[in-house]
Every structure is written in C-alpha cells, then in structure tokens.
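Single-letter residue listing:
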Amino acid sequence: MKTKPTVLKLGGSAITYKAHPQRANMRIIDRLAKEIEDAKTSRLIIVHGGGSFGHPLAKKYAINEGFHNPAQRLGFAETHEAMTVLNNLIMKALIRHNIPAVAVSPSSFILTKQGRIQELDTNIITRMQETGFVPVLYGDTVLDLEKGFAILSGDQLTARLAIELGAERIIIGVDVDGLYTADPKEDSSAKRLQRVTARELEKFHYGTKTLKVTDVTGGMHGKIIELIPAIEHGVRAVIVNAKKHDTIRKALCNERVAGTLIEKE
Ligand SMILES: Nc1ncnc2c1ncn2[C@@H]1O[C@H](COP(=O)(O)OP(=O)(O)OP(=O)(O)O)[C@@H](O)[C@H]1O
Ligand SMILES: [Mg+2]
C-alpha cells in the first residue's frame, strides 16, 4: 500500500523574525532543511508561512480586505514578490540538503471565494509526489472570485491540502512548544495541552485578541480554526516547536516530542 502524504507547515514564527520586516532566520531554515533531509519522509509536502515577509505588506496594502483601490495592485504584487523571496531562501536550503524540492506558487493555481479556497487542482502536486519530488507551497496573495483578491494563509492551505490529498498527518512547526491555555509569551501560567480533540478545540478560548506581531491570518487562533476540518476528516495534527533542535526530524519520524497532538476523538 502507498504511504499516505504528510503535510509539514513551517511557521513564519519559526523561520523569520516576525518583529523585523523581511528578515529570515537562516540558521533555523538551514537546520530545518537538514532535519527534513535526515527524516527521509516519503510523500512529503511542505507549506511555509509568511512571517515578516508576507504579513506586514499584506497589512499595509489591506490585501485581505479585497480589491477596492487601484493602488492596491502594486501592493498585491509587492506582497507576492516578498513571499517568493522567502520561498527562494527555503528552496535553496532544501536543495542544498539534497531534497528534490519544487516550489509551487499558490497564486498561480488557486482561487478563493471570500477568502476560502474555491478552486484547487491537486493533479500537479500528486504527480510531483509520485515522481518523488517534494512540493513546496506557501501562504500567498491569491485572486478571489468575489473580493478581487485575498490572502490565502499557509494554515488554510495546509489543512485543505491534507484533506484533498488524503494525508495521514499534519505537522505544524511554530516558535512555541504547542498549543497552550493562553499565549505562553504573554502568560507565564499558561499550560501546554498535550492532546486535544476537535470538539474540545471548538469550545476552547485561547490566545490573545491583540496580536503583538502582525499576523493577518489570525495567529494561533486562526491556525486552530483552519485545522478543525482536517482533524474532523481524520487527519492527525501535531503542533511542535520548529526552533528546537531535532524536533521537526523527530516529529517526521513519529518519535516522541513535546507538543500538542490534535485528533478527532
Ligand atoms: N494559546 C496559544 N498557544 C500557543 N501559542 C499561542 C497561543 N496564543 C497565541 N500564541 C502565539 O501564536 C504564535 C504562533 O502563531 P503565528 O501565526 O504568530 O505564527 P505562524 O503561524 O508560525 O506564522 P505564519 O502565519 O507567518 O506562518 C506563537 O508565537 C504564540 O506566541
Ligand atoms: Mg500564522
């Protein structure tokens, strides 16, 4: 039987300095590429977030509010271009570590409707995987059937790809050890949740309403909301700290790591 795909989301919080516009954390990116190389996961798909490359520009030009001002066109172009710069840094690191990674730009094959993925043809991605490539996608500016354009978060894309491709699991790498009862950066009494079900998540109130760093797609709260449909579909998700040495490799190899496991029931 063919192994089911794994979708790995590399969070912008781990691979960039979110408080510093357009600054990538090259040390982490290179180490993650090495960990991915060492894990030798079959049928892997990588999605990365925008971090300090995507979010500040998307906010500046109000891309997520849709197309209502001609000046936003250049902003859309600039935001997309910034994402390709970050993507290229990741691609170079992956290829340096012998991973046959191929970048696939979401804006060129995905359409949204009111910000939700409407058209997505997974044929190319499936065939890439069958040929042994590792497709790499990212949160991107996309055309929207009603709003003109929108931001497609790496989190929405991750969950949807997992569903469409029949993935077994989603691994989410961020800069904290998992999902907590509150933002661990703001509340020292926050406790990490080891295992939660989709139903528990729906009732759960976590995180801050005021995000310290710019995240136009809702930070941890947005991430959880996006994950729920994939979990209900039977995909297992784990949220781990991608900045901690060897954590992503262990997660890819199904070894025990500190994190939050999210399952259907
Ligand atoms: N309850 C919570 N548990 C864990 N982290 C939380 C919680 N509430 C808020 N956070 C914050 O969420 C952040 C991760 O989400 P964020 O969207 O900023 O990163 P990301 O998704 O990795 O970045 P990107 O969107 O660029 O990919 C953490 O840095 C943490 O401070
Ligand atoms: Mg985010």
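Residues numbered from 1 in each chain as written. Chains lettered and ligands numbered in written order. Predicted model: local features only at pLDDT ≥ 70, side-chain atom pairs only at ≥ 80, totals over all residues. Heavy atoms only, no water.

Colleague: I tried to follow the overall build of the protein chain on my own but got confused; where do I start?
Modeller: Helices and strands together make up the secondary structure of the protein chain, namely 9 helices and 12 strands. Scaling as 2.2 N^0.38, a compact globule of 265 residues should have a C-alpha radius of gyration of about 18 Å, and the protein chain matches this with 17 Å. Overall, the C-alpha framework of the protein chain stretches about 50 × 45 × 35 Å when taken along its three principal axes. Within the protein chain, the fraction of its 265 residues that count as buried is 54%. Relative to all contacts within the protein chain whose residues are 6 or more apart in sequence, the contacts with residues 24 or more apart total 77%. (Helix = DSSP H or I, 4+ residues; strand = E, 2+ residues; numbered from the N terminus. Rg over C-alpha atoms; globule rule 2.2 N^0.38 Å. Buried < 20%, exposed > 50% of the residue type's maximum accessible area, 1.4 Å probe, protein only. Contact = heavy atoms within 4.5 Å.)

Colleague: So what exactly am I meant to see when it comes to the pairing of strand β8 (residues 148–152) here?
Modeller: Consecutive side chains along a regular strand alternate between the two faces of the sheet. Where burial is concerned, most of β8 is hidden: 4 out of the 5 residues are buried. Linking strand β7 (residues 140–144) back to β8 in an antiparallel pair, the connection comprises 3 residues. (Pairing = 2+ DSSP bridges.)

Colleague: Hey, could you run me through the packing of helix α3 (residues 51–60) against helix α4 (residues 72–96) in this one?
Modeller: A pair of packed helices is captured by two measures, namely the crossing angle of their axes and the spacing between those axes. α4 packs onto α3 with a crossing angle of 175 degrees between their chain directions and a minimal axis gap of 8 Å. When the interaxial angle is binned, α3 and α4 end up roughly antiparallel. Contacts between α3 and α4 involve F53, G54, L57 and A58 from the former and E78, T79, A82, M83, V85, L86 and L89 from the latter. Looking at side-chain class alone, the contact of α3 with α4 contains 8 nonpolar, 2 polar and 1 charged residues. (Axes fitted to C-alpha atoms, helices over the stretch in contact; angles between N-to-C directions. Parallel < 35°, antiparallel > 145°, perpendicular 65-115°, else oblique. Nonpolar A, V, L, I, M, F, W, Y, C, P; charged D, E, K, R; others polar.)

Colleague: Looking at this structure, I do not really get the site of ligand 1. What am I missing?
Modeller: Looking at ligand 1, there are 25 residues lining it, with S13, G51, D175, D215 and K223 nearest. G51 is positioned with one of its backbone polar atoms (N or O) 2.6 Å from an oxygen atom of ligand 1. Take H55: an N or O atom from its side chain is 3.0 Å from an oxygen atom of ligand 1. When ligand 1 sits alone it has 640 Å² of accessible area, and the protein chains cover 95% of it. Going through the elements one at a time, α1 (12–15), α3 and α8 (219–232) are the ones with two or more residues in the shell around ligand 1. At 3 residues, the largest contribution of residues to the shell around ligand 1 is made by α8. Residues belonging to the shell around ligand 1 are distributed by class as follows: 8 nonpolar, 10 polar and 7 charged. (Near = heavy atom within 4 Å. Polar contact = N/O pair within 3.5 Å; in protein donor to acceptor, adjacent residues only side chain to side chain. Areas by Shrake-Rupley, 256 points an atom, 1.4 Å probe, with all protein chains shown as cover.)

Colleague: Honestly, the sheet that holds strand β3 (residues 101–103) in this entry has me stumped. Any pointers?
Modeller: The strands that make up a sheet are held in pairs by hydrogen bonds between backbone atoms, and each pair lies either parallel or antiparallel. Reading across the sheet, the 8 strands line up as β3-β6-β2-β1-β9-β11-β12-β10 and stay open at both edges, with mixed pairing between neighbours. Of all strands in the sheet, those bounded by a partner on one side alone are β3 and β10 (195–197). Strand-to-strand twist across the sheet, computed as the mean angle between neighbouring axes with direction ignored, equals 20 degrees. Of the pairings in the sheet, the one linking β10 to strand β12 (residues 260–263) comprises 3 bridges and is parallel in character. Opposite R195, over in β12, you have L261 as the bridge partner. Where α8 meets the sheet, its contacts fall on β1 (6–10), β9 (169–174), β11 (236–241) and β12, and the angle it forms with β9 comes to roughly 170 degrees.

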